Amino acid sequence: MSMPNLAPVPELYVSYESAQKLKVEAGDLPSWDLTPRQICDLELLMNGGFNPLKGFLNEEDYNGVVENMRLADGSLWPMPITLDVSQAFADSLEPGQDIALRDQEGVILAIMSVTDSWTPNKAREAEKVFGADDLAHPAVNYLHHEAGPVYLGGPVTGIQPPMHYDFRGRRDTPNELRAHFRKLGWRRVVAFQTRNPLHRAHQELTFRAAKEAQANLLIHPIVGMTKPGDVDHFTRVRCYEAVLDKYPAATTSMSLLSLAMRMAGPREAVWHGLIRGNHGVTHFIVGRDHAGPGKNSAGEDFYGPYDAQELYKAHEAEIGVEMVPFKHMVYVQERAQYEPADEIEEGVTVLNISGTELRRRLAEGLEIPEWFSFPEVVAELRKTRPPRAQQGFTVFLTGLSGSGKSTIANALMVKLMEMGGRPVTLLDGDVVRKHLSSELGFSKEHRDINIRRIGYVASEITKNGGIAICAPIAPYTATRRAVREMIEAYGAFCEVHVATSLEECEKRDRKGLYKLAREGKIKEFTGISDPYEVPETPELVLDTEGVDVDNCAHQVLLKLEQMGLVAG
């Protein structure tokens, strides 16, 4: 491969003077407030990380990328970079109009000239880009449940980069990294992509990769959006900093990348390679199941372990960054060192701790051996992830009106308060309606907003180490999933389906609501004129018929004990 091209990549920013002028002009334009994912995308568009893109994809480029990983001009590009917006916003625009793109504080980051507006076939996008239209894939779920229905395309004029207040000295644009390599005289640089903390196996692997490629090492972790449930980037960067001094300072660098990952496996690997090429690296480590999201709805891996390496290899020349295949490293007890799994003879003792096992040991406060990770890294992880019995969690009871959710929730609250140790908050329907949602009615849309508010408050309680108990009807699967994701970012979520039958609930009808619904006096009533989508995999199903409240609450307590959330 030829020498790296360390000349600058084109950026989409205008000069400081022009930016000041444009800022004033942009104040009068229609503006779109970017989502966190769109902010990550815009930053890499503007700083050249997504070169050759000049803005959000237009319809022709989008179709080419979805169907065959190519822009309309034939350039390789595997990932749709789209500005998804609401129908109402799209309808308010004229073709050819300029819009201001703002961050979540309202600061104008860029101006976009809208050339295209279209309604994409999201099922097709999921099928082609992620390999399946399966909601178990976080990006497919995002596509259908979070992303807006209309895509806008068009070139972007950058005014200023998004503001990061954390780890500022560790963040570099592609051109800053290229200049850094030029200054150090680094000709060959191998990049390591990670969204997880680094343990000893990773350190050994990156060492070997750099040695084999006779290259310097760039540890290039993702600090944009990763997979729901991943360790937060603040903790991860502290872990990386703890490991950095284990590497030779003269040949290793670390830089943070604000990328919103899609977990798209093979396509994501090609995408990561192109992005790294823009950052001036010459080699890229591609792992087993690179950027895989885990299991699909059928419980199988979304992608084969080497699919990403194969697709990357097929496009390597065009990507312009050489692939260094990941060797699976395992610890050989007899030799007290890490070695590639495929080079080990029979009869030696191989030790390995999976990610799941590591999480279990952290959750239960068990020992994590030094051969597996560095004590400094473990100490950082323990700060963020105390044992489960000291973490916050949410119990979310869902069921029909009159199923007994509130009564069970009240009993559970008293039992948890009796145990002590953590503050307990009950977010019951009526209380929430009074304090959080007094302006909402009972339409489908309003009920949905109400549940999301409950979820948000529960996630804050969970984040701060408390226990939240929620007891809304919550009839829709998609909303319950959104709440689960909100909460699982900070602690455990225990969904309890109070499975009292409709007949029984109607028999009880304490508030006389079913009678009014049957007479048509209450519109969109769950179970009568509006569906209740039964939870498919709740942590617990409670049958309340003929069972007293105390026993139901006790069943929940036993479940929480089994989940390690309360001490037995």
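Anything mentioned here points back to the structure above.
Residues numbered from 1 in each chain as written. Predicted model: local features only at pLDDT ≥ 70, side-chain atom pairs only at ≥ 80, totals over all residues. Heavy atoms only, no water.

Participant: Can you tell me about the overall build of the chain, naming the residues and giving the values?
Facilitator: If you tally the helices and strands in the chain, you get 21 helices and 20 strands. A globule of 568 residues ought to have a C-alpha radius of gyration of about 24 Å, and the chain, at 26 Å, matches this closely. When each of the 568 residues of the chain is scored for burial, the buried share is 52%. Intrachain contacts of the chain at a sequence separation of at least 6 include 73% that bridge at least 24 residues. (Helix = DSSP H or I, 4+ residues; strand = E, 2+ residues; numbered from the N terminus. Rg over C-alpha atoms; globule rule 2.2 N^0.38 Å. Buried < 20%, exposed > 50% of the residue type's maximum accessible area, 1.4 Å probe, protein only. Contact = heavy atoms within 4.5 Å.)

Participant: Break down the nonpolar core for me, citing the residues and quoting the values.
Facilitator: Most often, soluble globular proteins keep nonpolar side chains buried together rather than apart. In terms of nonpolar packing, the biggest core is built from 72 residues, with F50, W77, L83 and L101 touching the most fellow members. Residues contacting L101, with those up to four places away along its chain left out, are W32, L34, L42, F56, L83, V107, I108, L109, A110 and M112. Judged by nonpolar contacts, the second largest core, of 36 residues, contains L198, M254, L256 and I353. (Core = buried A, V, L, I, M, F, W, Y, C linked by side-chain atoms within 4.5 Å.)

Participant: Kindly report on the pattern of salt bridges, identifying the contributing residues and their values.
Facilitator: Counted according to the given criterion, the structure contains 31 salt bridges. We note a salt bridge from R484 to E488, for which the minimum N-O separation is 3.1 Å. Here R484 pairs with E488, and both are found in helix α18 (residues 477-488), just four residues apart, close to one helical turn. E506 is the partner of R518 in a salt bridge, and the nearest nitrogen-oxygen pair spans 2.6 Å. Here E506 lies in helix α19 (residues 502-508) and R518 lies in helix α20 (residues 513-518), a separation of twelve residues in the sequence. With relative accessibility at 26%, the residue E506 sits in the partly exposed group. Several salt bridges share partner residues, and in doing so they unite R480, R484, E488, E495 and E539 into one network. (Salt bridge = Lys/Arg side-chain N within 4 Å of Asp/Glu carboxyl O.)

Participant: Tell me about the sheet that holds strand β16 (residues 393-398), and name the residues and values.
Facilitator: Spatially, β17-β18-β16-β19-β20 is the arrangement adopted by the five strands of the open sheet, whose pairing is parallel. A single partner strand is all that each edge strand has here, and the edge strands are β17 (424-427) and β20 (540-542). Averaged over all neighbouring strand pairs, the angle between strand axes comes to 20°, with direction disregarded. Two strands pair when backbone bridges link them, and strand β19 (residues 492-498) and β20 are joined in this way by three bridges, in the parallel orientation. (Pairing = 2+ DSSP bridges. Axes fitted to C-alpha atoms, helices over the stretch in contact; angles between N-to-C directions.)

Participant: Let's hear about the pairing of strand β11 (residues 283-286): which residues, and what values?
Facilitator: Because side chains alternate across β11, one face comprises the buried residues H283 and I285, and the other comprises F284 and V286, equally buried. Relative to strand β12 (residues 322-325), β11 runs parallel, the two being bridged by four bridges. Each bridged residue has a counterpart across the sheet, and for H283 the counterpart in β12 is E322.

Participant: Could you give an account of α18, naming the residues involved and the relevant values?
Facilitator: For α18, built from twelve residues, the straight-helix expectation of 16 Å at 1.5 Å per residue is met to within 8% by its first-to-last C-alpha distance of 16 Å. All buried positions along α18 are accounted for by T479, R480, A482, V483, R484 and I487. In the core, the buried residues of α18 are packed alongside β16, α17 (444-463) and β19. (Expected span 1.5 Å × (residues − 1).)

Participant: If you had to explain the side chain of H497 to someone new, which residues and values would you point to?
Facilitator: On the secondary structure map, H497 appears in strand β19. A relative accessible area of 8% means that H497 is categorised as buried. With residues up to four places along the chain from it excluded, the contact list for H497 reads T398, G399, Y532, V534, P535, P538, L540, V541 and L542.

Participant: Pulling in residues and values, what's your account of the environment of E536?
Facilitator: Mapped onto the secondary structure, E536 falls in the loop between α20 and β20. Residue classification places E536 among the exposed positions, given a relative accessible area of 78%. Taking C-alpha positions, E536 is 24 Å from G392, a pair spaced 144 residues apart along the chain.

Participant: Any details on the packing of aromatic side chains? Residues and values, ideally.
Facilitator: For any pair of aromatic rings, geometry is given as the distance between the ring centres together with the angle between the planes. Per the stated rule, a full pass over the model turns up 16 aromatic pairs. The interplanar angle of 45° and the centroid separation of 6.1 Å between the aromatic rings of F302 and Y303 together place this pair among those described as tilted. Summarising the aromatic geometry, the rings of Y514 and F525 are spaced 5.0 Å apart at their centres and angled 85° between planes, so their arrangement reads as edge-to-face. Separated by eleven residues along the polypeptide, Y514 in helix α20 and F525 in the loop between α20 and β20 bring together distant segments of the chain. Taking the relative accessible area as the measure of exposure, Y514 reaches 1% and is therefore buried. The rings of Y331, Y338, W371 and F372 are connected pair by pair, giving a single aromatic cluster. The ring of F442 carries the charged tip of R433 above its face, separated from the ring centre by 4.0 Å. (Phe/Tyr/Trp six-rings, centres within 6.5 Å; stacked < 30°, edge-to-face > 60°. Lys NZ or Arg CZ within 6 Å of the ring centre and 35° of its normal.)

Participant: Provide a residue-level description of the sheet that holds strand β10 (residues 252-254), including the pertinent values.
Facilitator: Across the sheet, five strands lie side by side as β10-β9-β8-β11-β12; this open sheet has parallel pairing. Unpaired on one side and paired on the other, β10 and β12 mark the two borders of the sheet. Direction aside, the axes of adjacent strands within the sheet are offset by 25° on average. The sheet contacts of helix α8 (residues 200-212) involve β8 (189-194), β9 (216-221), β11 and β12, and relative to β8 the element is tilted by about 155°.

Participant: Which residues make up the packing of helix α10 (residues 265-278) against helix α11 (residues 307-314), and what values go with them?
Facilitator: At a closest axis distance of 8 Å, the pairing of α10 and α11 adopts a crossing angle of 45°. The angle between the axes of α10 and α11 places the two elements in the oblique class. Regarding α10 and α11, the two cross each other, and that crossing is right-handed. Residue-level contacts link G265, P266, R267, A269, V270 and G273 of α10 to D307, A308, L311 and Y312 of α11. Among the residues making up the contact of α10 with α11, the classes are represented as six nonpolar, two polar and two charged. (Parallel < 35°, antiparallel > 145°, perpendicular 65-115°, else oblique. Left-handed = near helix turned anticlockwise from the far one by under 90°. Nonpolar A, V, L, I, M, F, W, Y, C, P; charged D, E, K, R; others polar.)

Participant: Tell me what's going on with unusual backbone geometry, and back it up with residues and numbers.
Facilitator: Between N51 and P52 the backbone carries a cis peptide bond, its omega angle lying at 15°. Considering the arrangement of structural elements, one finds P52 in the loop between α2 (36-46) and β2 (55-56). A positive phi angle, close to 45°, is found at F167, a residue other than glycine.

Participant: Lay out α8 with the relevant residues and their values.
Facilitator: Taking 1.5 Å per residue, 13 residues should reach 18 Å; α8 reaches 18 Å between its end C-alpha atoms and fits that length. The complete set of buried residues in α8 reads A201, Q203, L205, T206, A209 and A210. In the core, the buried residues of α8 are packed alongside β8, β9, β11, β12, β13 (329-332) and β14 (337-340). Just past α8, the residue Q214 takes up positive phi, approximately 45°.

Shape descriptors only; they carry no functional weight alone.
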